[in-house]
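# Structural features, examined
Now for the letters of each chain:
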2 protein chains.
Amino acid sequence: MYNIPLNIVLIGSGNLATQLGLKLHASNHKIIQVFSKTIANAIKLGSLLNATPTDNLRDLKDADLYIISVKDDILPDLIKNISLTGKVLIHTSGSVNLDVFNLSPNTVGVFYPLQSFSKLKTPNWEALPICIETSNKELEVLLCNLAISITAKPYLLDSQQRRAIHIAAVFASNFSNYMYTIANDILKDKDIPFEILRPLIMETTQKVMMNLPEEMQTGPAYRGDKSIINNHSNELAFNTNYQEIYNLISKAILDKYKI
Amino acid sequence: MYNIPLNIVLIGSGNLATQLGLKLHASNHKIIQVFSKTIANAIKLGSLLNATPTDNLRDLKDADLYIISVKDDILPDLIKNISLTGKVLIHTSGSVNLDVFNLSPNTVGVFYPLQSFSKLKTPNWEALPICIETSNKELEVLLCNLAISITAKPYLLDSQQRRAIHIAAVFASNFSNYMYTIANDILKDKDIPFEILRPLIMETTQKVMMNLPEEMQTGPAYRGDKSIINNHSNELAFNTNYQEIYNLISKAILDKYKI
C-alpha cells in the first residue's frame, strides 16, 4: 500500500469533510481534489486546501486514498456512482456499516472521527478518537497511521460497535445539549441569564473527564427525594414536554439507584 | 451591620458546608464554631477550619453571621430550634424559600452557591454564581461582598427565581450526567471504554460556554433524520427505560425544531 503523507481525493464538503480536510492539509497530506455535487462548495473548500474542485464523480483524479464524507442517506448511491477499481476508498460515517461498500471493486474501510464538527470551529484533534474498520490488514495499519499523523487516537471497532458508539454519542452530546436547552428555557421564563449555569455545566463535565458518570450522579432523584421531584414536576406544568422528560428521567434514575 | 472579614458560625458539615467553610477560612474569614448533630463530623470539619465543634444548637457562640447549610428537609425544624435573637442567619439551599425563616426573630437571607459540591474535590470558586436573597438592604450588600470576598459572583434573585434555577440545574447537571451514564451503559454492552466519548462530551460543553445551547443543537432528531431515529430506537430494545428516553427526547427535539 502507500506511505504517509498521502495523496487524497476528498469527496464531500460538509462540516466533517471541511475540518478533516483542513487537518490533513495542515499535517502535510496532499488533498489533490475536492468533490461536491454543488460546484461552488467544491471551489470554496478546494481553495482552502489548494485542491482542484469538481462536481463530476467520473472525473476523479488518481490518488492514494479517497475519503467519502457525505450525508449518510446519500452514501450508498454515491458509492454506486464511483467508477474506480483497485483503489482505496473509506467513508467517515458513524452509523453506516462497512458493507455499504459490498459491491465496490476497491479496498474499503471506515474512518469515523467521534466528534461533533462545525465549519467554523476548529476541533481539538489531539487524542480525538477515530473508529477504524476494514477487513484489509494493510489498510488497517495505514488508517491507524493516518489517524496518528493528525494527532488523533485510532480505535479498531467493527460496524456493530460503531453503531453503538453513534447511539451513545446521541445521548452524550445531542441529548445533554438538549438538557441545557431545556434548562435555558426554564431560566428564560424567569428572566435569568443562561450564564448562571455555565460553571455548573463545566464542573459536571470535568467530573466525568476523570471518573465514570454513574459514580458522579447527584440530584433529587439520586437521593430519592420524592418531595422535591414532585415540586419540580408541578412547576414544569407550563411545558408538558419538559414535565414528561423530567418525570421519565427522574424515574429512570430512581430505578437505577434502587431508591 | 458588620465588616468583612466576618466571624462565622457554620451550621452543617455536608459537602457544601465543607467546601464553603474551607473557602471562607482560606479567604480570611474566621469560622469560630461548627455545628453538626453528629459530633464526630463537627470535630472533623472543625479541625480543618480551626473552629470549635458542637452538637448542641443551644450552645452557639456569638458571631457576625450564622450560615445554615443542612439538608432541605431538616431546615425548617433546625431553624425552629435555633434560639438566637437579633442575629444574622442565612441558609444555602436552592429549593427552600426565604420564608422558611418567617418566625425567626433574626435578620435573614439566602446565599445559594450554584454548583455541585463534593467533600473531596475543591470547586473553582472564581466567578461561581451565588444566588442572594434578603429583604434587608444592608444584609444584601454584606452578602454580595461576602460572595466577592471568596471570588464568587453574586446574583440577586428571589425565591421563585431560585426555585427555577434549581430545576434548571437538575436538567443541566444531574440529567446531563445521566445521559453520560446511559451512553456508558450502551458502550459497556459492546466492550467499548467510556474514554472514547470524553472528547465529544468536552467539545459539547465548550460550545455552550460561548454560545446558547439551542443554537448548538445537532444530531439525528435536529436534522429530522427519522430513519436513523428508528434504527437507534430499535437497537435500544435491550433496555426499555433507555428506549423510552431516546424516543421522548428525540420527539421533543423534532417538535422544538419543527422538522
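Along every chain, residues carry numbers that run from 1 in the direction the sequence is written. Chain letters start at A and ligand numbers start at 1, both assigned in the order the entries are written. Residue-level local features of this predicted model are given only where pLDDT is at least 70; pairs of side-chain atoms are given and counted only at 80 or more, and the full residue set underlies all totals for whole chains, interfaces and linings. By convention in this description, side-chain values take in all heavy atoms of the structure and omit both hydrogens and water.

## Observations concerning the overall build of chain A
In plain terms, the rule: What counts as a helix is a DSSP run of H or I of at least four residues, what counts as a strand is a run of E of at least two, and both are numbered from the N terminus. Only protein chains enter the area calculation, which uses a 1.4 Å probe; residues under 20% of their type maximum are buried, those over 50% are exposed, and those in between are partly exposed. Pairs of residues are marked as contacts when any of their non-hydrogen atoms sit within 4.5 Å. Here, Shrake-Rupley sampling with a 1.4 Å probe gives the accessible areas, and only protein chains in the shown set may cover a residue. A residue counts as positive if it is Lys or Arg and as negative if it is Asp or Glu; His and the chain ends are not included. Charge coordinates come from a single atom per side chain, which is NZ of Lys, CZ of Arg, CG of Asp or CD of Glu.
Helix and strand counts for chain A stand at 9 helices and 8 strands. Referenced to the eigenvectors of the C-alpha coordinate spread, the extents of chain A come out at roughly 65 × 35 × 30 Å. Scored against the burial criterion, the 259 residues of chain A give a buried share of 58%. Sequence-distant contacts, at least 24 apart, represent 54% of the contacts inside chain A between residues at least 6 apart. By element, 49% of the accessible surface of chain A is carried by carbon and sulfur atoms, the whole surface being about 10900 Å². The centroid of the 24 positive side-chain charges in chain A is displaced by 2 Å from the centroid of its 24 negative side-chain charges.

## Here's the deal with the packing of helix α6 (residues 198–210) of chain A against helix α6 (residues 198–210) of chain B
Convention followed: For helices, the fitted axis covers only the stretch in contact; all axes are lines through C-alpha atoms, and the angles between them, taken along N-to-C directions, range from 0 to 180 degrees. Angles are sorted into four bins: roughly parallel if under 35 degrees, roughly antiparallel if over 145, roughly perpendicular if 65 to 115, and oblique for all others. In the scheme used here, Gly and all other residues not listed as nonpolar or charged are polar, with Ala, Val, Leu, Ile, Met, Phe, Trp, Tyr, Cys and Pro taken as nonpolar and Asp, Glu, Lys and Arg as charged.
Between α6(A) and α6(B), the least distance of the axes is 10 Å, while the angle of their chain directions is 170 degrees. Comparing the axis directions of α6(A) and α6(B) gives the class roughly antiparallel. Packed against α6(A), whose contacting residues are Arg198(A), Ile201(A), Met202(A), Thr205(A), Gln206(A), Val208(A), Met209(A) and Met210(A), the element α6(B) presents Arg198(B), Ile201(B), Met202(B), Thr205(B), Gln206(B), Val208(B), Met209(B) and Met210(B) at the interface. Classifying every residue of the contact of α6(A) with α6(B) by side-chain character gives 10 nonpolar, 4 polar and 2 charged.

## Looking at unusual backbone geometry
All names here are of chain A. Cis geometry marks the peptide bond from Ile-4 to Pro-5; its omega dihedral reads 0 degrees. Along the chain, Pro-5 turns up in the segment before β1 (7–11). Of note, the phi angle at Asn-50 is positive, near 60 degrees, even though the residue is not glycine. Inspection of the secondary structure puts Asn-50 in the loop between α2 (39–49) and β3 (52–54).

## Comments concerning the pairing of strand β4 (residues 65–68) of chain B
Residue and element names in this part refer to chain B. Spelled out, the test is: One bridge is not enough; two strands pair if DSSP finds at least two bridges between them. By convention, a crossover is right-handed whenever its connection, traced from the first strand over the helix to the second and viewed with the strands pointing away, goes clockwise.
Burial along β4 is two-sided: the residues Leu-65 and Ile-67 and Tyr-66 and Ile-68 are all buried. Bridge count for strand β1 (residues 7–11) against β4 is 4 bridges, and the pairing is parallel. Residue pairing across strands places Leu-10 opposite Ile-67, the latter belonging to β4. The pairing of β4 with strand β5 (residues 88–91) spans 3 bridges and is classified as parallel. If you follow Ile-67 over to β5, its bridge partner there is Ile-90. Considered for its hand, the β-α-β crossover made up of β4, helix α3 (residues 75–80) and β5 is right-handed.

## Looking at the sheet that holds β5(B)
Residues and elements named next belong to chain B. In space, the 8 strands of this open sheet follow the order β3-β2-β1-β4-β5-β6-β7-β8, with mixed pairing throughout. Whereas interior strands pair on both sides, the edge strands pair on one side only; in this sheet they are β3 (52–54) and β8 (153–156). The average undirected angle you get between the axes of adjacent strands in this sheet is 25 degrees. Bridge count for β5 against strand β6 (residues 107–113) is 4 bridges, and the pairing is parallel. In the sheet register, Leu-89 faces β6, and the bridge partner there is Val-108.

## So, empty space enclosed by the protein
For the record, the criterion: Throughout, the protein atoms alone are placed on a 1 Å grid, and a set of points is a cavity if a 1.4 Å probe fits but cannot get out or a pocket if it is open with protein on both sides within 12 Å along at least five of seven lines; lining residues have an atom within 4 Å of a point. Grid points are joined across faces, edges and corners, and a volume is the space filled by probe spheres set on the points.
For the structure on display, the rule yields 3 cavities of 30 Å³ or more. Its volume calculated, the largest cavity comes out at about 70 Å³. For the lining of the largest cavity, the secondary structure elements donating two or more residues are α6 of chain A together with α5 (159–188) of chain B. If you tally residues by element for the lining of the largest cavity, the top one is α5(B), at 3 residues. When grouped by side-chain class, the residues that make up the lining of the largest cavity number 1 nonpolar, 7 polar and 1 charged.

## A word on the relation of the copies chain B and chain A
The test is simple: All copies are superposed by least squares; the fitting set is the C-alpha atoms of residues with a pLDDT of at least 70 in both.
The transform that puts chain B on chain A rotates by 180 degrees and translates by 0.0 Å along the axis, for an RMSD of 0.0 Å. Such values leave the two copies arranged in the relation of a two-fold axis. Taking the C-alpha atom as reference, chain B places Ser176(B) closest to the rotation axis, 2.3 Å from it. When the interface residues of chain B are mapped onto chain A, 100% of them are again interface residues, pointing to one common binding face.

## As for α2(A)
Residue and element names in this part refer to chain A. Counted only if it meets this: The arc refers to the directions leading from the helix axis to the C-beta atoms.
Looking only at α2, the buried set comprises Ala-42, Leu-45, Gly-46 and Leu-49. Buried positions in α2, seen along its axis, are confined to an arc of 105 degrees and lie on one side of it. Turned more than 90 degrees away from the buried face of α2, the exposed residues are Lys-44 and Ser-47. Two residues or fewer after α2 comes Asn-50, characterised by a positive phi angle close to 60 degrees.

## Describing the sheet that holds strand β4 (residues 65–68) of chain A
Residues and elements named next belong to chain A. The strand order across the open sheet built from 8 strands is β3-β2-β1-β4-β5-β6-β7-β8, with neighbouring strands paired in mixed fashion. If you trace the sheet from one side to the other, it starts and ends with β3 and β8 (153–156), each paired once. Averaged over all neighbouring strand pairs, the angle between strand axes comes to 25 degrees, with direction disregarded. Across 4 bridges, the pairing between strand β6 (residues 107–113) and strand β7 (residues 129–133) is antiparallel. Bridging across to β7, Phe-111 finds its partner in Ile-132. Sheet strands in contact with α2 are β1, β2 (30–35) and β3, and its direction is about 170 degrees off that of β2.

## As for the side chain of Ser95(B)
To keep it simple, the criterion reads: The term polar contact refers here to a pair of N or O atoms within 3.5 Å; inside protein, the definition further demands a hydrogen-donor-capable atom paired with an acceptor-capable atom, and it admits residues adjacent in sequence only when both atoms are side-chain atoms.
Summarising the element assignment, Ser95(B) is placed in the loop between β5 and β6. There is a polar contact of 2.6 Å between the side chain of Ser95(B) and the side chain of Asp72(B). Other than its neighbours up to four places away in sequence, Ser95(B) contacts Ile228(A), Asp72(B), Arg163(B) and His166(B).

## Thoughts on the pattern of salt bridges
The criterion, for reference: A carboxyl oxygen of Asp or Glu within 4 Å of a side-chain nitrogen of Lys or Arg is what we treat as a salt bridge.
Applying the stated criterion to the full structure yields 25 salt bridges over all chains. Between Lys190(B) and Asp189(B) there is a salt bridge, and its shortest N-O distance comes to 3.4 Å. Residues joined by salt bridges that share partners form a network here, namely Asp185(A), Lys188(A), Glu214(B) and Lys256(B).

## Some words on the interface of chain B and chain A
The following threshold applies: Accessible area that two parts lose when put together, evaluated with a 1.4 Å probe and summed over both, is termed the buried area.
With 88 residues of chain B in contact, the opposing surface of chain A contributes 88 residues. The largest share of the area that chain B buries against chain A comes from Phe171(B), Ile196(B) and Leu200(B), three residues that together contribute 8% of it. Across the chain B-chain A interface, the total number found is 10 salt bridges. A salt bridge links Glu203(B) to Lys121(A); its shortest N-O distance comes to 3.1 Å. Those elements giving two or more residues to the side of chain B that touches chain A turn out to be β7 (129–133), β8, α5, α6, α7 (213–216), α9 (226–235) and α10 (240–256) of chain B. If you tally residues by element for the side of chain B that touches chain A, the top one is α5(B), at 28 residues.

Bear in mind that shape data such as this cannot, by itself, settle questions of function.
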